[in-house]
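Structure at a glance
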Amino acid sequence: MQDYKAYLDESLSFEERAKDLVSQMTLEEKVFQTLYTAPAIERLGVKAYNWWNEALHGVARAGVATVFPQAIGLAATFDEDLLEEVADTISTEGRAKFNIQQKYNDTDIYKGLTFWSPNVNIFRDPRWGRGHETYGEDPYLSGRLGVRFINGIQGHDDKYMKAAACAKHFAVHSGPEDVRHSFNAVVSKQDLYETYLPAFKACVKEAGVESVMGAYNRTNGEPCCGSKTLLQDILRDEWGFEGHVTSDCWAIKDFHQHHMVTSTPVESVAMAMNNGCDLNCGNMYGNLLLAVRDGLVEEETIDRAVTRLVTTRMKLGLFDSEDKVPYNEIGYDQVDNQEHLKLNLKASRKSIVLLKNENKLLPLDLSNIKTIGVIGPNANNRKALVGNYEGTASEYITVLEGIKDYVGDKARVYYSEGCHLFKDKTSNLPERNDRISEVKAVCDMSDVVIACFGLDPGLEGEEGDQGNEFASGDKPNLNLPGIQEEVLKEIYNSGKPVILVLLTGSALSVPWADENIPAIVLGWYPGAQGGKAIAQILFGEYSPEGKLPVTFYRSSEELPDFTDYNMKNRTYRYMKNEALYPFGYGLAYTTFELNNISVDTEEVEPGKSVNCSVDIKNTGDMSGAETIQVYVKVKKEGAPNWQLKGLKKVHLNPGEHKSVTLTLKDEAFGLYDHDGKLVINECEYEIFIGTSQPDPRSVQLTGAKPYNKIMRSNKTSIL
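Criteria and cut-off values
Starting from 1, residues in each chain are numbered consecutively following that chain's sequence as written. Owing to the predicted nature of the model, reporting of local features is limited to residues with pLDDT of at least 70; listing and counting of side-chain atom pairs is limited to 80 or more, with chain, interface and lining totals taken over all residues. Computation of side-chain values covers all heavy atoms of the structure but excludes hydrogens and water. UniProt positions are given in the numbering used here, feature names are shortened, and annotations may be inferred rather than shown by experiment. The numbering of helices and of strands both runs from the N terminus, where a helix is a DSSP run of H or I of at least 4 residues and a strand a run of E of at least 2. Here the globule rule is a power law, 2.2 Å times the number of residues to the power 0.38, and the radius of gyration is based on C-alpha atoms. For every residue, the accessible area (1.4 Å probe, protein chains only) is compared with the maximum for its type, and the residue is labelled buried under 20%, exposed over 50%, or partly exposed between those bounds. Any two residues whose heavy atoms approach within 4.5 Å at even a single point are treated as in contact. Residue burial considers only the protein chains on display, and all accessible areas are found by Shrake-Rupley using a 1.4 Å probe. Two strands make a pair as long as DSSP finds a minimum of two bridges between them. A fitted line through C-alpha atoms serves as each axis, taken over the contacting stretch for helices, and the angle formed by two N-to-C directions is quoted from 0 to 180°. The disulfide criterion is simple: two cysteine sulfur atoms within 2.5 Å. Here, expected helix span is obtained from the residue count minus one, scaled by 1.5 Å. For this analysis, a polar contact is any N or O atom pair within 3.5 Å, provided that within protein one partner can donate a hydrogen and the other can accept it, and provided that sequence-adjacent residues contribute only side-chain to side-chain pairs.

For the chain, the name recorded in an unreviewed UniProt entry is Glycoside hydrolase family 3 C-terminal domain-containing protein, with Mobilitalea sibirica as its organism. Of the chain, the UniProt comment under Sequence similarities (unreviewed entry) reads exactly: "Belongs to the glycosyl hydrolase 3 family."

Okay, here's the thing in structure tokens:
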């Protein structure tokens, strides 16, 4: 058959079809397919495609979409099922938008099905501006949530992907932002494998993530987007990754301009392409034509990269009959609809962490309250709802609006901005602290005061973000910015009951508030419905259930240098000092009791799993949810503190109980050695089962000590 085109034959595998299509392209056509702005090849029926799209916590930068809580807030839910449900909703909206964009031939940036999310970098230093894009400081939690987010984005169809997810930024990437284009992250093999790689490994080996994005920095001397160690030896050879690799945006230009590991653009693109970077977010890969001419890159290497890229597009159904791809039926009515609004509100509620509740000040009883003061720069700040990499919501509910809507005419709400978020006055001409008399007046008038302070994404974010006040995006310290604490102290001095609501994407140092303010609620950047969710929590519609995915330190003084990538004294796994609020901590309005806790073996053996069983009962008078957490401590010199190795979110009505079993694979007991090998050591192990870490501070704050059991391995084995 003269007209037969194998790449259009839907009975063949995607890989076979992709190879056939690439074999019919000229070198120039192939080279331009490696750019994120891939042009049309009309003679082959290939449409233009822009690879760059974002979906960190909702379809981003492409108009109206459901804006979920920022990633760090989703992490605080400790709820794997919720992460998949949210991501599934995001990809539904992504498909709905894509279908309409295709109808009107809109192939611009942010209009494709390749979403560069999730960000599974480890939030190793709370000063890092982009930490709120991550799932926190723990490799295990980041891996579990990353896997389920990818499952939701990519879907479960037998043949087609709903959308393509991308695990980023590979690897050893977490600031400082202002030197990311030239910085060399020096890391031991042990820290690399123990901390920086596990979440990526889970995304590749368990979730089958379609894409991986390289980081801007160098790791141990190699630029990540051209690193043989990362992209070839680890990602493809060790883990068997079969998808495509994309560079971060304009990162390949850094090879010669900032990292100085190459001398010319042609050398830079050759290094990236030869080491397995298939797609260039940027425009450097046009130089591949010269690299082939000069013998620096084989044409077969470009063939391989383009075949991977075409395969991804084919998996998305972009070359198949419209009626064969089930996702083509998703209509625009699926964007930002009522069902998604409800899920967003649910996600927001589940992300909120109750840090302190002295004398059960919360929940507030509206029948005893006639006037409520709402004070602070984040009370009516839409920016503090959304974080970065955000879409446009059709409705935003700030904390002030949420409280006003909730109380209706049952109480009078008084409001004051209190102070500027980070300056010492709210406009240019007044004297310092120009809202303080209004603050005092609101306190005078109020039965209870809700103080809304913290940060917004103008104070922490990515280098180069417009409007980023700290230029690089990183925080100079962990304090409340500007005169916020000064104003909070004045509110406290009023003698009225005070609830502090913190909106932030990262840990803050608030020891004064912890000592003096009776109730503290952490809302993160809670999404477009955030104010409604916070109001529902404050007035007892729901019991808080969030847990901290990061450590709240007492001060940034105790942290190692920001540029030091050694894990020593970083995060709960390696820190020596007592936390202000520990990783895994969060209170509720109801109470839970754990009983009949058991571990089914006393020996740790390669190839054998360990089953941990526990009965959990809601002994309070409100419905609620609790997270069962399992930690493992290797009792060996130089080993980390206990590490999270199992978790399960359990929802219970008052008086209800459930039996839960968590299975730990042998690798949960392994530690990586200096050569990056996973080893079960001949030594004792301690396993902890509870609803928090076993550290003294968590026990003090929760009043509950986790169950513990000593186990043993009788020989050293490499897994």
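It is worth spelling out the overall build of the chain at this point. Within the chain one finds 21 helices and 24 strands. Taken against the 2.2 N^0.38 rule, which gives 27 Å for 719 residues, the C-alpha radius of gyration of the chain at 26 Å falls within 12% of a compact globule. When its C-alpha atoms are laid out on the principal axes, the chain stretches across 85 × 65 × 50 Å. Sorting the 719 residues of the chain into buried and exposed places 63% on the buried side. For the chain, long-range pairs separated by at least 24 residues make up 76% of all intrachain contacts whose partners lie at least 6 apart in sequence. A total of about 26400 Å² of accessible surface is found on the chain, and carbon and sulfur atoms cover 45% of it.

Within a sheet, adjacent strands bond to each other through the backbone by hydrogen bonds, running parallel or antiparallel. Taken in spatial order, the three strands of this open sheet run β15-β16-β19, and their pairing is antiparallel. Lying at the two open borders of the sheet, with one neighbouring strand each, are β15 (592-599) and β19 (657-664). Between one strand axis and the next, the sheet turns through 20° on average, direction left out of account. Two elements, β15 and strand β16 (residues 610-618), share six bridges in a ladder whose sense is antiparallel. Counted as the bridge partner of Ser598 is Ser613 from β16.

Right, let's talk about the state of the cysteines for a bit. Summed over the entire model, instances satisfying the criterion amount to one disulfide. The disulfide partner of Cys249 is Cys281, and the S-S distance across this bridge is 2.1 Å. Taking the sign of the S-S torsion, 85° for the link of Cys249 and Cys281, the bridge is right-handed. Of this pair, Cys249 sits in the loop between β8 (244-246) and α9 (251-257) while Cys281 sits in the loop between α10 (265-274) and α11 (288-293); the two residues are 32 residues apart in sequence, bridging distant segments of the chain.

Right, let's get into helix α4 (residues 80-103). With 24 residues, α4 should cover 34 Å at 1.5 Å per step; its first-to-last C-alpha distance of 35 Å lies within 8% of that length. Summarising burial for α4: 18 of the 24 residues are buried, a large majority. For α4, the side-chain oxygen to backbone nitrogen distance between the N-cap and Asp81 is 3.2 Å, and the N-cap itself is Asp79.

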